Amino acid sequence: MTRRWLVTGCSSGLGRALADAAAEAGDLVIATAREPATLNDLADRYPDRLSTVALDVCDADQCEAAVAHAVDRFGGVDVLVNNAGSGLFGAVEEVSDDELREQLEVLTVAPWRLTRLVLPLMRRQGNGHIVNVSSIAGRIGLPGLSAYVAGKYALEGMSQALAAEVAPFGIRVHAVEPGGFATRYGTSLTEAAHRIPAYAQSTGDVEAGLRGMPTNPDLTHPEVFAHHVLRLVASPTAPLRVPIGADAYAFLEAAEAAGTAELAAAQAFIEDSDERPGPDTAPATPTA
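1. Quick word on the pairing of strand 2 (residues 28-33)
Here is step 1: Across the six residues that make up strand 2, a large majority, six, are buried.
Here is step 2: The alternating pattern of strand 2 places L28, I30 and T32 on one face and V29, A31 and A33 on the opposite face, and all of these are buried.
Here is step 3: With four bridges connecting them, strand 1 (residues 4-7) and strand 2 associate as parallel partners. Paired with R4 across the bridge in strand 2 is L28.
Here is step 4: In this fold, the crossover linking strand 1 to strand 2 by way of helix 1 (residues 13-24) has right-handed handedness.
Here is step 5: Sheet topology places strand 2 next to strand 3 (residues 50-54); five bridges connect them, and they run parallel. Following the sheet pairing, A31 is matched in strand 3 by T52.
Here is step 6: Traced from strand 2 through helix 2 (residues 40-45) to strand 3, the parallel crossover comes out right-handed.

Quick look at the structure:
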């Protein structure tokens, strides 16, 4: 079965590896990037199967144009991969309103917009896949990545609700959660304009680890990501949330264990109360 892909953020890293792998497998691919010239080698390698288009996912007109190009070139979209992203490093107190809005625009609003644009096509054809590229940060609150974590948590919530909404139409949804990959993510992180030295003690180790990603030999290569996303789309039984990467499961298993312990502690806290609200313990109504 030949699938028609629309993949955002293909200039490098995970998106580029996926566009390459899908075209190599014989599928039809619309590969997007802010600067489509960065994809010329892929277009030359697969002239009949891969088409490039300029796309800044924060530009609503360009989003509409990219979907229209997919329809004009290949007749529609079977798989939308919301991969384009950016990272902002800064603690909650350090991140301004404008910086937060910009981060959420890329990580949450843009995938929502593109999903909204392709869903009418998928509903008419009675099938389709939405693949939202989240992160293990969509389930773990990493200090210093507050805005990024917020965006990925929102993307995961959207994916869960969307999956239930579109299931009757034969459309499947997946939130893919990469761990550490050998990409430029760590070095391309921007920093909040207003940094507060006091936060170095709680965020410094995370930032150092992220900045050191290019020299970390243990990180997973993007081709592994591409391989599993192709398997995911081909499988009728793949789950909604799929962590990918050598370190992803260790991080998430620890997070799940911590969540279970926190739930037990919360339940014990509530049940340990000596007083129960009721008619005899309700506070008196103030009088004038």
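2. Regarding empty space enclosed by the protein
Here is step 1: Counted according to the given criterion, the structure contains one cavity of 30 Å³ or more.
Here is step 2: Approximately 30 Å³ is the volume found for the largest cavity.
Here is step 3: Every residue along the wall of the largest cavity is listed here: T8, V57, N82, A84, V106, A110, P111 and L114.
Here is step 4: Of all the elements, helix 4 (residues 97-125) adds the most residues to the lining of the largest cavity, at four residues.
Here is step 5: Within the lining of the largest cavity, the residues separate by chemical class into six nonpolar, two polar and no charged.

3. As for the pattern of salt bridges
Side-chain pairs of opposite charge can arise where the charged atoms are in close proximity.
Here is step 1: With the rule as written, the count across this model stands at 15 salt bridges.
Here is step 2: With its nearest N and O atoms 3.0 Å apart, the salt bridge here joins R45 to D20. With R45 in helix 2 and D20 in helix 1, this residue pair connects regions lying 25 residues apart in the sequence.
Here is step 3: In this structure D20 comes out as partly exposed when scored by relative accessible area, which is 23%.
Here is step 4: Note that R113 and E105 form a salt bridge whose closest N and O atoms lie 2.9 Å from each other.
Here is step 5: With a relative accessible area of 22%, E105 lands in the partly exposed category.

4. A look at the packing of helix 1 against helix 8 (residues 222-234)
Here is step 1: Running from amino to carboxyl end, helix 1 crosses helix 8 at an angle of 55°, the nearest separation of the two axes being 8 Å. What the angle tells us is that helix 1 and helix 8 run oblique. Once helix 1 is placed against helix 8, the crossing between them reads as right-handed. Here G13, L14, A17, L18, A21 and A22 of helix 1 lie close against helix 8, whose contacting residues are P222, E223, F225, A226, V229 and L230.
Here is step 2: Of the residues that constitute the contact of helix 1 with helix 8, the class distribution is ten nonpolar, one polar and one charged.

5. What to know about helix 1
Here is step 1: Along its twelve residues, helix 1 runs 17 Å from first to last C-alpha, staying within 8% of the 16 Å computed at 1.5 Å per residue.
Here is step 2: For helix 1, every residue scored as buried is listed here: L14, G15, A17, L18, A19, A22 and A23.

Thresholds, definitions, all that
Residues numbered from 1 in each chain as written. Predicted model: local features only at pLDDT ≥ 70, side-chain atom pairs only at ≥ 80, totals over all residues. Heavy atoms only, no water. Buried < 20%, exposed > 50% of the residue type's maximum accessible area, 1.4 Å probe, protein only. Helix = DSSP H or I, 4+ residues; strand = E, 2+ residues; numbered from the N terminus. Pairing = 2+ DSSP bridges. Right-handed = clockwise from strand over helix to strand, strands pointing away. 1 Å grid on protein atoms, 1.4 Å probe; cavity = no way out; pocket = protein on both sides within 12 Å on 5 of 7 lines; lining within 4 Å. Points joined across faces, edges and corners; volume = space filled by probe spheres on them. Nonpolar A, V, L, I, M, F, W, Y, C, P; charged D, E, K, R; others polar. Salt bridge = Lys/Arg side-chain N within 4 Å of Asp/Glu carboxyl O. Axes fitted to C-alpha atoms, helices over the stretch in contact; angles between N-to-C directions. Parallel < 35°, antiparallel > 145°, perpendicular 65-115°, else oblique. Left-handed = near helix turned anticlockwise from the far one by under 90°. Contact = heavy atoms within 4.5 Å. Expected span 1.5 Å × (residues − 1).

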